[in-house]
Amino acid sequence: MEKIVSLCKRRGFVFQSSEIYGGLNGFWDYGPMGVELKRNLKDYWWRRMVHERDDMVGMDGSIIMNRAVWRASGHEETFSDPMVDCKTCKSRHRADQLPRKDDVPYCPNCGGRDLTEPRAFNLMFKSHAGPLETDENLVYLRPETAQAMFVQFKNILETSRKKLPFGIAQIGKAFRNEINPRNYTFRSREFEQMEVEYFCRAEDGLALTDYWLEERLKFYEDIGIPRAKIRINDIPDGERAFYSKKTYDLEYEFPFGVSELEGIAYRTDYDLSKHMQHSGKPLEYFDEEKKEKFVPHVVEPSAGVDRTTLALLCEAFDEEEVTDEKGQKEVRTVLRFHPRMAPVKCGVFPLLKNKPALVEKARAIAVALRPHMMTFYDEAGAIGRRYRRQDEIGTPFCVTVDFDTIGENGPEKHDTVTLRNRDSMQQERIPVSELRARLEAAVF
Ligand code: ATP
């Protein structure tokens, strides 16, 4: 894990938030490469979940909502972890995660055994809307994106004219005042979620939960996380939320242990019923054909953007021993991202930077590719080093403009370039005119 963390910092994927002031526990910034990776993930999720389906619409809800939403959803009362304080060193820990010796829990910070009884600690960040810090103005930063999709159910149903089953998708920030942020970005206090609320008839709920499990596994496969690396945890009776009839947790084998990436929960009609009850507004669905009115049930695939981004980095990270042009062995660090997730799709290099004709041609190729894909132009250093730099950020293709390209070695190879593949390190010659289509097919 240390190697991945160090590469992420060195190559601009992830930085500690407010680093020059000592950072802030549980908060992270994504640098130039990280933001591209995360964006590719979110864009592809949106494409698969919304654009490629006709039973799904999107929305973008506000982070701060009426406090009544969190009362109705049960978050105000119950969204808490049981916590204990260590009376010796004053540190606070989750009661269910305390280490034990001879079956007696102790403080993981100082080893002390003088602990308070477990107490509920609410995970929602508080603020105030308006100038007065009164209880009336109290608001929360949302701890999940889901509630906006429930409270806007009626508006979306009426404006989109969808029929059951249909879903609402949303990507956005969520905040939880986690007691022990840990494992790098895995458990943060500010994070992003990609959630779907898929509304259906009660009788279809269980089958649709299995359908979504399959859909989501396919999605992970299509971004480069194979099924074999995902453990499906079918949460047994008694361990699920009381309203859920079925919940699957999808867990990934992170270097620090197998941990949750996504939860797929059949939440029955719990959420809409609660909001109906608390708001006094009707949130039922009317089936025109059957002339029936009822509260829809919902299946919720809820994934974490940051956790999936971290899984992509862990899955892609590789080190291999290679022999360079001079016959020397070296370790090549390479991020083997699926091309559609890679932050940079193509590196473009002139063979030599002091040959204007090469530079001009390489720049023209980069400019032509840029509107279609993230392209990086680089003329600094030996060509081997430039390839290595792209390997380290996971760029799947590199194009080199040489003397053949500009026609100095005869007409046959004029306007062709070498296309180098990150994984095989093989190079092939292809016409410049075919470059864009070739790359687009691989990174789409
Ligand atoms: P955990 O048990 O790990 O705290 P959870 O079961 O509370 O997670 P959910 O409420 O189901 O998580 O949230 C859905 C998804 O949101 C999770 O699968 C995860 O990907 C993401 N998520 C939740 N909490 C965090 C966090 N603190 N940091 C990063 N991502 C998170």
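Residues numbered from 1 in each chain as written. Predicted model: local features only at pLDDT ≥ 70, side-chain atom pairs only at ≥ 80, totals over all residues. Heavy atoms only, no water.

(A) Examining the overall build of the protein chain more closely. The helix and strand inventory of the protein chain stands at 12 helices and 25 strands. With the C-alpha coordinates of the protein chain rotated into their principal frame, the extents come out at 80 × 65 × 50 Å. Within the protein chain, buried positions represent 50% of all 444 residues. Charged side chains of the protein chain number 68 positive and 74 negative; the gap between the two group centres comes to 2 Å. (Helix = DSSP H or I, 4+ residues; strand = E, 2+ residues; numbered from the N terminus. Buried < 20%, exposed > 50% of the residue type's maximum accessible area, 1.4 Å probe, protein only. Lys, Arg positive; Asp, Glu negative; His and termini not counted. Charge placed at Lys NZ, Arg CZ, Asp CG, Glu CD.)

(B) Molecular detail of the state of the cysteines. As enumerated under the stated definition, the model contains 0 disulfides in all. Looking at Cys314, it has no disulfide partner, and the nearest cysteine sulfur is the one in Cys8, 8.1 Å off. No disulfide involves Cys346; its nearest neighbouring cysteine sulfur is the one of Cys398, lying 6.7 Å away. (Disulfide = S-S within 2.5 Å.)

(C) Representation of the layout of surface pockets within the structure. Its boundaries defined by the atoms lining it, the second largest pocket holds a volume of some 450 Å³. Considering the residues around the second largest pocket, the lining is formed by 15 residues, among which Asn40, Asp43, Arg340, Lys345 and Val443 are closest to the centre. Per-element accounting of the lining of the second largest pocket gives the leading share, 6 residues, to helix H2 (residues 32–51). Split into classes, the residues belonging to the lining of the second largest pocket amount to 6 nonpolar, 2 polar and 7 charged. (1 Å grid on protein atoms, 1.4 Å probe; cavity = no way out; pocket = protein on both sides within 12 Å on 5 of 7 lines; lining within 4 Å. Points joined across faces, edges and corners; volume = space filled by probe spheres on them. Nonpolar A, V, L, I, M, F, W, Y, C, P; charged D, E, K, R; others polar.)

(D) Fine view of the sheet that holds strand E8 (residues 119–122). Taken in spatial order, the 3 strands make up an open sheet running E5-E4-E8, and their pairing is antiparallel. Since the sheet does not close on itself, it has two edges, and those belong to strand E5 (92–94) and E8, each with one partner. Put simply, the sheet's adjacent strands are angled 50° from each other on average, direction ignored. (Pairing = 2+ DSSP bridges. Axes fitted to C-alpha atoms, helices over the stretch in contact; angles between N-to-C directions.)

(E) Representation of the pattern of salt bridges in the model. For the structure shown, the criterion picks out 49 salt bridges. In this structure, Lys413 and Asp404 form a salt bridge, with 3.9 Å as the shortest nitrogen-oxygen distance. Under the relative-accessibility criterion, Asp404 is labelled buried at 14%. Because the salt bridges share partners, they merge into one network encompassing Asp318, Glu320, Glu330, Arg332, Arg336, Arg388, Asp391, Arg420, Arg422 and Asp423. (Salt bridge = Lys/Arg side-chain N within 4 Å of Asp/Glu carboxyl O.)

(F) The arrangement of the pairing of strand E20 (residues 329–335) in detail. Inspection of the sheet shows strand E19 (residues 317–323) paired to E20 by 7 bridges, in the antiparallel sense. Counted as the bridge partner of Phe317 is Leu335 from E20. As consecutive antiparallel partners, E19 and E20 are separated by 5 residues, and within that stretch Gly327 has a phi angle of approximately 85°, a positive value.

(G) Structural view of the site of the ligand. The full set close to the ligand counts 15 residues, and Glu178, Arg187, Ser188, Glu260 and Leu261 are the nearest of them. A distance of 3.2 Å separates a nitrogen atom of the ligand from a polar backbone atom of Phe186. When isolated, the ligand has an accessible area of 590 Å², and the protein chains bury 79% of it. Elements represented by at least two residues in the shell around the ligand include exactly strand E12 (190–200), strand E15 (257–268) and strand E18 (297–304). (Near = heavy atom within 4 Å. Polar contact = N/O pair within 3.5 Å; in protein donor to acceptor, adjacent residues only side chain to side chain. Areas by Shrake-Rupley, 256 points an atom, 1.4 Å probe, with all protein chains shown as cover.)

(H) Examining the environment of Ser73 more closely. Relative to the helices and strands, Ser73 resides in helix H3 (residues 67–73). Residue classification places Ser73 among the buried positions, given a relative accessible area of 11%. Apart from residues lying up to four places away in sequence, Ser73 is in contact with Gln147, Tyr270 and His275. At 2.7 Å, the side chain of Ser73 and the side chain of His75 are in polar contact. (Contact = heavy atoms within 4.5 Å.)

(I) A look at unusual backbone geometry. A cis geometry characterises the amide bond from Leu164 onward to Pro165, with omega recorded as -10°. Among the secondary structure elements, Pro165 is positioned in the loop between helix H6 (153–160) and strand E11 (166–175). Despite not being glycine, Lys90 has its phi angle at roughly 65°, a positive value. Relative to the elements of secondary structure, Lys90 occurs in the loop between strand E4 (80–85) and E5. Here Lys90 falls in the exposed class, since its relative accessible area comes to 66%.

(J) Examining the sheet that holds strand E23 (residues 397–401) more closely. The 5 strands lie next to each other as E22-E21-E23-E24-E25, forming an open sheet whose pairing is mixed. The sheet is open, and its two edges are formed by strand E22 (375–377) and strand E25 (427–431), each paired on a single side. Across the sheet, the mean angle separating the axes of adjacent strands is 25° when strand polarity is ignored. As judged from the 3 bridges shared by strand E21 (residues 346–350) and E22, these two strands associate in the parallel manner. Its bridge partner lying in E22, Gly347 is registered against Phe376.

(K) Up close: the packing of H2 against helix H7 (residues 205–222). It is the contact of H2 with H7, at a shortest axis distance of 12 Å, that shows an interaxial angle of 140°. As judged from the angle between their axes, H2 and H7 are oblique. Considering the relative orientation of H2 and H7, their crossing is right-handed. Contacts from Leu41, Tyr44, Trp45, Arg48 and Met49 in H2 reach Trp212, Glu215, Arg216, Lys218, Phe219 and Asp222 in H7. Considered class by class, the residues forming the contact of H2 with H7 number 6 nonpolar, no polar and 5 charged. (Parallel < 35°, antiparallel > 145°, perpendicular 65-115°, else oblique. Left-handed = near helix turned anticlockwise from the far one by under 90°.)

(L) Focus on H7. Over its 18 residues, H7 runs 26 Å from end to end, which matches the ideal 26 Å to within 8%, given 1.5 Å per residue. Here H7 has its buried residues at Gly205, Leu208, Thr209, Trp212, Leu213, Glu215, Arg216, Leu217, Phe219 and Tyr220. Note on H7: the residue one or two positions beyond its end, Gly224, has a positive phi of about 100°. (Expected span 1.5 Å × (residues − 1).)

(M) View of the nonpolar core. Counting residues in each nonpolar core, the largest one holds 54 residues, and the members touching the most others are Phe13, Tyr220, Ile223 and Phe337. Not counting chain neighbours up to four residues away, the residues in contact with Ile223 comprise Leu41, Tyr44, Thr308, Leu312, His338 and Met341. One finds Met59, Val69, Leu123 and Leu272 within the second-largest nonpolar core, a separate group that totals 30 residues. (Core = buried A, V, L, I, M, F, W, Y, C linked by side-chain atoms within 4.5 Å.)

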